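Each chain, written out:
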Amino acid sequence: MSGYPALRLTVLCETGTRGLLGAVFGPSENGETVQATGLLPRLTPQMLLLADRAFDGDDFLRAVADTGSQFLVRLCAHRRPAVLAVLPDGSYLTRFRGLGVRIIEADITLTTGNGQRITGRYRLATTLLDHRRDPAEALIRLYHERWEIESAFYSLRHTLLTGRVLRSQDPRGLKQEVWALLTEPLQLGHDRVTGRMTEHRHRGASALVTAAVNGSLCITRPSAR
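These numbers were taken from a predicted model, which means no experiment stands behind them.

1. A short note on unusual backbone geometry
Next, step 1: At arginine 97, a residue that is not glycine, the phi angle is positive and equals roughly 50°.
Next, step 2: One can find arginine 97 in the loop between strand 6 (92-96) and strand 7 (99-111).

In structure tokens, the structure reads:
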């Protein structure tokens with residue numbers, strides 16, 4: 001709302017349940033990548049991070065890799081990585097400041113609910129280097145699931161936070177008020193994901209958590225590997 005200071009909220013959520021797993025917030029002057037870095041401790045080696053092109057910086061991607069998790073990130077159009085080796089599925093290997101990365105290029109068409117068609121050329125970077133285990137076509141389809149976080153974030157904005165003016169007059173009070181608003185969705189997200197992970201363990205399947213960042217969001221999804 002105009003006339004009031006703005007607060008930037010960055011949350012981590014799971015694709016399948018759209019449950020919130022973590023949150024970082026602060027002044028709107030803080031960039032998205034700065035806040036997303038605060039969520040990296042939530043990542044584990046069982047997770048795959050999906051991220052939009054706002055998060056394609058080498059330092060951020062290195063930080064993601066250092067958590068032990070994998071990533072699948074869209075690159076900005078101006079980034080044209082060097083081709084070190086071409087793989088049979090059309091993807092190729094490169095390096096980002098010493099980090100081994102695989103690049104997948106694809107022309108993607110999105111049809112919205114009102115029938116509008118949006119097309120674009122995507123260049124995806126991933127630390128999943130084995131084209132036999134993770135074919136390019138499968139990863140392209142997987143990246144499409146990042147749009148689930150758009151639905152989760154829309155719900156958060158327009159149900160929990162829509163039109164709300166925070167009443168607190170000091171930083172400590174503002175933090176307390178925002179955490180109070182987020183407590184229920186965070187608890188629900190934790191319970192849902194814990195339940196899904198437990199279900200996979202009972203089935204005897206290992207779980208890969210797919211995580212994604214979009215401006216303010218990360219997602220995770222267990223899947224048999």
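2. Points about helix 2 (residues 58-66)
Next, step 1: Turning to helix 2, its buried residues number three or more, namely Phe60, Leu61 and Val64. Each buried residue of helix 2 lies within a common arc of 95° when the element is viewed along its axis, so the set occupies one face. The outward face of helix 2, more than 90 degrees from its buried face, is lined by the exposed residues Asp59 and Asp66.
Next, step 2: At its buried positions, helix 2 is contacted by helix 1 (32-37), strand 3 (47-51), strand 4 (70-74), strand 6 and strand 7.
Next, step 3: Backbone geometry just downstream of helix 2 places glycine 68 in the positive-phi region, at approximately 95°.

3. Some remarks on the pairing of strand 6
Next, step 1: Covered by surrounding structure in strand 6 are Tyr92, Thr94 and Phe96 only, the residues Leu93 and Arg95 on the alternate face being uncovered.
Next, step 2: Bridge analysis of strand 5 (residues 85-86) against strand 6 gives two bridges, and the strand direction is antiparallel. Within strand 6, the residue paired with valine 86 across the bridge is tyrosine 92.
Next, step 3: In this structure, the hairpin formed by strand 5 and strand 6 is closed by a connection of five residues, where glycine 90 is found at a positive phi of approximately 95°.
Next, step 4: Bridging between strand 6 and strand 7 involves five bridges; their strand directions are antiparallel.

4. Brief notes about helix 3 (residues 136-144)
Next, step 1: Those residues of helix 3 that sit buried are Ala136, Leu139, Leu142 and Tyr143. The buried residues of helix 3 occupy one face: seen down the axis, they fall within an arc of 120°. Exposed side of helix 3, more than 90 degrees from the buried face: Glu137 and Arg141 are the residues found there.

5. Considering the packing of aromatic side chains
Next, step 1: Inspection of every chain in the model, using the stated rule, returns two aromatic pairs.
Next, step 2: With centroids separated by 5.6 Å and ring planes inclined at 45°, the aromatic side chains of phenylalanine 55 and phenylalanine 60 adopt a geometry described as tilted. Just as phenylalanine 55 is buried, phenylalanine 60 falls in that class too.
Next, step 3: When the centroid spacing of 6.0 Å and the interplanar angle of 75° are considered together, the rings of tyrosine 122 and tyrosine 143 count as edge-to-face. Of this pair, tyrosine 122 sits in strand 8 (residues 117-126) while tyrosine 143 sits in helix 3, and the two are 21 residues apart along the sequence.
Next, step 4: Across from the ring centre of tyrosine 122, 3.7 Å away, lies the NZ or CZ of arginine 74, which sits over that ring.

6. Let's talk about the side chain of serine 69
Next, step 1: Note that serine 69 resides in the loop between helix 2 and strand 4.
Next, step 2: Side-chain polar atoms of serine 69 contact the side chain of threonine 67, separated by 2.9 Å.

7. Focus on the environment of aspartate 66
Next, step 1: Take aspartate 66: it is sitting in helix 2.
Next, step 2: A relative accessible area of 57% places aspartate 66 in the exposed class.
Next, step 3: In the structure, aspartate 66 is positioned 22 residues away from threonine 44 in sequence and 10.0 Å away in space, judged by C-alpha atoms.

8. A closer look at the pattern of salt bridges
Next, step 1: What the rule picks out here adds up to 10 salt bridges.
Next, step 2: Among the ionic pairs, arginine 79 bridges to aspartate 58, the shortest N-O distance being 2.8 Å. Here the residue arginine 79 occupies a position in the loop between strand 4 and strand 5, and aspartate 58 occupies one in helix 2, the gap between them amounting to 21 residues.
Next, step 3: Residue class for arginine 79 comes out buried when judged on its relative accessible area of 17%.
Next, step 4: Glutamate 105 is paired through a salt bridge with arginine 123; the nearest N and O atoms lie 2.8 Å apart. On the criterion of sequence distance, the pair formed by glutamate 105 in strand 7 and arginine 123 in strand 8 is long-range, its members being 18 residues apart.

Definitions and cut-offs
- Residues numbered from 1 in each chain as written.
- Predicted model: local features only at pLDDT ≥ 70, side-chain atom pairs only at ≥ 80, totals over all residues.
- Heavy atoms only, no water.
- Helix = DSSP H or I, 4+ residues; strand = E, 2+ residues; numbered from the N terminus.
- Buried < 20%, exposed > 50% of the residue type's maximum accessible area, 1.4 Å probe, protein only.
- Arc of directions from axis to C-beta.
- Contact = heavy atoms within 4.5 Å.
- Pairing = 2+ DSSP bridges.
- Phe/Tyr/Trp six-rings, centres within 6.5 Å; stacked < 30°, edge-to-face > 60°.
- Lys NZ or Arg CZ within 6 Å of the ring centre and 35° of its normal.
- Polar contact = N/O pair within 3.5 Å; in protein donor to acceptor, adjacent residues only side chain to side chain.
- Salt bridge = Lys/Arg side-chain N within 4 Å of Asp/Glu carboxyl O.

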